[in-house]
Each structure stands twice: as C-alpha cells, then as structure tokens.
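Structure at a glance
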Amino acid sequence: MLEEKGIGIGAVITEHARTTTVKTRIIKGTEHMLRVDEETTEPISEVSRNQLEDEITTLLDSQQVDVIIIEDYDKGVMSEEFANFLIDQADERGIPITVDPKLENFSVYKGVDLFKPNLKELREGLGLSINNNDNESLKNAVERLHKELEPQMSLTTLGGEGMWMHSSDMMHHHQCGVERDVVDVSGAGDTVIAVASLMLAVGAEPQNIAKAA
C-alpha cells in the first residue's frame, strides 16, 4: 500500500513473532463509544533497533531530508536510546526535528525544534493539574515544559479549543479552533504534527505554523 502511494519503505522493518497493532473503533450513530486495541507494547529488540538505525542512516545519507518527525505511540519502538540517535542525527545534519510525544518518553526529547503534546500528555508528562479554562495555568505549564525540555517551540493541542503555541522568540499565542461537525477524530494529532512540520521545514513563522496546523 505504501509503495502504491509512492511512499518509501526503506526503513520499514519486520519483527517476527510481534503482533501488528489493530485498532477497532466502535461508533454508534455520530457518537464514538470506545476503541479496542489488540497489540503488544513490549520494547522492540536491540537487533530491530540497530536495523532501524542503519536503515535510517542510509536514508539520510542518500536523500534530501527536510524535516524528521518522531511520532511516538508508546508501542515499544521509541526508547531513550533511539530518540537520542534520531536527535543526534538531526543535529549533525542541520535537519529540523519535531516530536508528537507520549508519556513513556516524554522527558527524553530535549532540545527539539517543535514539541507537540496534547493537553492530557502535557498534564501527565509534567505531573501538573492544568485547568482547561484557565489560561494562566496553561501558560505556567508550557513555560515549565520549555524550561525542562528546551524545545525551540511547543504546540499544545486543546481539542475543540484550538492550540497553544509558544516559542523562544514570541509570546504565548492561542490559536482558536474552527468548528467542524466530526464523528471520528482519529488521526487529528497526526495531521497536526505533519502540517506543523511541513510549515517549519519551509521556514514559516510560529503563528502561521499554528494557524495552518
């Protein structure tokens, strides 16, 4: 399927005896009731990680890469070692790197160009209580995030309330959401990090990154 769409599979590897994650969403009318995941979240083997690193190095050596996105799902692929490898590769080559985190490796992604948690991940990653309707508590949390992880910019998604952008060279910016009638919001976070990364790669200003994403 990837090949049919012209997407490279150079670093797509198989780990034998590992189940491919299958997500089943149960929707009643227009209401998303629940999701059932069949999967394993055990860490991948050292052999698999080394293979991934070799394949990625080959890709970076042979192709022009404009941005690297780390999309962490807490499924066992990402680890501190692998994250450090990717960040080091990006730094050495001058490639912007962006992160959509989960809780397990939240504090690992230091010094990246763009860090994109959602509100739940921000709460859990920092161990803070953030009031949805209190911009001050959100500001304080984002500033603590920047102090601890030192990203160039962060983009915190707030569901229907839009996004909160903060960077080293701008004040806090609340980008309001545009109301849509949506039943299944699956893939929303993936879309945000993809578009934000594209905008970053072409040199857009932080406020425009948030607006487009």
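Residues numbered from 1 in each chain as written. Predicted model: local features only at pLDDT ≥ 70, side-chain atom pairs only at ≥ 80, totals over all residues. Heavy atoms only, no water.

**Details of the confidence of the model for the chain**
- Confidence along the chain averages 92 in pLDDT terms, with 98% of residues attaining 70 or more.
- Considering each helix and strand of the chain separately, the mean pLDDT is smallest for strand β8 (residues 170-175), with a value of 88, and largest for strand β4 (residues 97-100), with 98. (pLDDT = per-residue confidence, 0-100. Helix = DSSP H or I, 4+ residues; strand = E, 2+ residues; numbered from the N terminus.)

**Observations concerning the pairing of strand β6 (residues 153-157)**
- Among the 5 residues in β6, 5 count as buried, and that is most of the element.
- Burial of the side chains of β6 extends over both faces: M153, L155 and T157 are buried on one face and S154 and T156 on the other.
- The pairing of strand β5 (residues 114-115) with β6 spans 2 bridges and is classified as parallel. Bridging across to β6, L114 finds its partner in M153.
- With 5 bridges joining them, β6 and strand β7 (residues 163-167) adopt antiparallel strand pairing. Residue pairing for β7: T156 is matched across the bridge by W164.
- A loop of 5 residues connects β6 with β7, the two strands running antiparallel in sequence, and G159 in this loop sits at a positive phi of about 65°. (Buried < 20%, exposed > 50% of the residue type's maximum accessible area, 1.4 Å probe, protein only. Pairing = 2+ DSSP bridges.)

**With respect to the sheet that holds β4**
- Taken in spatial order, the 6 strands of this open sheet run β3-β4-β5-β6-β7-β8, and their pairing is mixed. Every interior strand has two partners, whereas the edge strands, β3 (68-71) and β8, have only one.
- As judged from the 2 bridges shared by β4 and β5, these two strands associate in the parallel manner. By the bridge assignment, V99 is partnered in β5 with F115.

**Quick notes on the environment of D100**
- As for its placement among the helices and strands, D100 is situated in strand β4.
- Note: C-alpha distance between D100 and M170 (70 residues apart in sequence) is 21 Å.

**Re the packing of aromatic side chains**
- Counting across every chain of the model gives 2 aromatic pairs.
- Their ring planes at 10° and their centres at 6.2 Å tell us that F82 and F85 sit as a pair that is stacked. Residue F82 and its partner F85 are both found in helix α2 (residues 80-93); the two are separated by 3 residues, about one turn of the helix. No difference in accessibility class separates F82 from F85, as the two residues are buried. (Phe/Tyr/Trp six-rings, centres within 6.5 Å; stacked < 30°, edge-to-face > 60°.)

**Observations regarding the pairing of strand β1 (residues 22-28)**
- Pairing geometry for β1 and strand β2 (residues 31-38), over 7 bridges, is antiparallel. Bridge pairing in β2 places T24 opposite V36.

**Here we look at unusual backbone geometry**
- Of note, the phi angle at D74 is positive, near 60°, even though the residue is not glycine.
- Structurally, D74 is set in the loop between β3 and α2.
- A relative accessible area of 27% places D74 in the partly exposed class.
- You will see that E150, though not glycine, has its phi angle at about 50°, which is positive.
- Of note, E150 is situated in the loop between α4 (135-149) and β6.

**Here we look at the nonpolar core**
- If you look at the biggest cluster of nonpolar residues, it comprises 32 residues, and the most contacted ones within it are L86, I97, Y109, F115, L122 and L138.
- Counting only elements with at least two residues in this core, the list comes to α1 (46-62), β3, α2, β4, α3 (119-126) and α4.
- A total of 6 residues in this core trace back to one element, the largest contributor, which is α2.
- Those residues within four positions of L138 in sequence are excluded, and the remaining contacts are L119, L122, I130, L158 and W164. (Core = buried A, V, L, I, M, F, W, Y, C linked by side-chain atoms within 4.5 Å. Contact = heavy atoms within 4.5 Å.)

**Focus on the pattern of salt bridges**
- If you walk through the whole model with that rule in mind, you get 10 salt bridges.
- A salt bridge links R93 to D61; its shortest N-O distance comes to 2.9 Å. In this pair, R93 is assigned in helix α2 and D61 in helix α1, connecting sequence segments 32 residues apart.
- Taking the relative accessible area as the measure of exposure, R93 reaches 30% and is therefore partly exposed.
- A relative accessible area of 57% places D61 in the exposed class.
- Each of R35, D37, E39 and K75 takes part in salt bridges that share partners, so that together they form one network. (Salt bridge = Lys/Arg side-chain N within 4 Å of Asp/Glu carboxyl O.)

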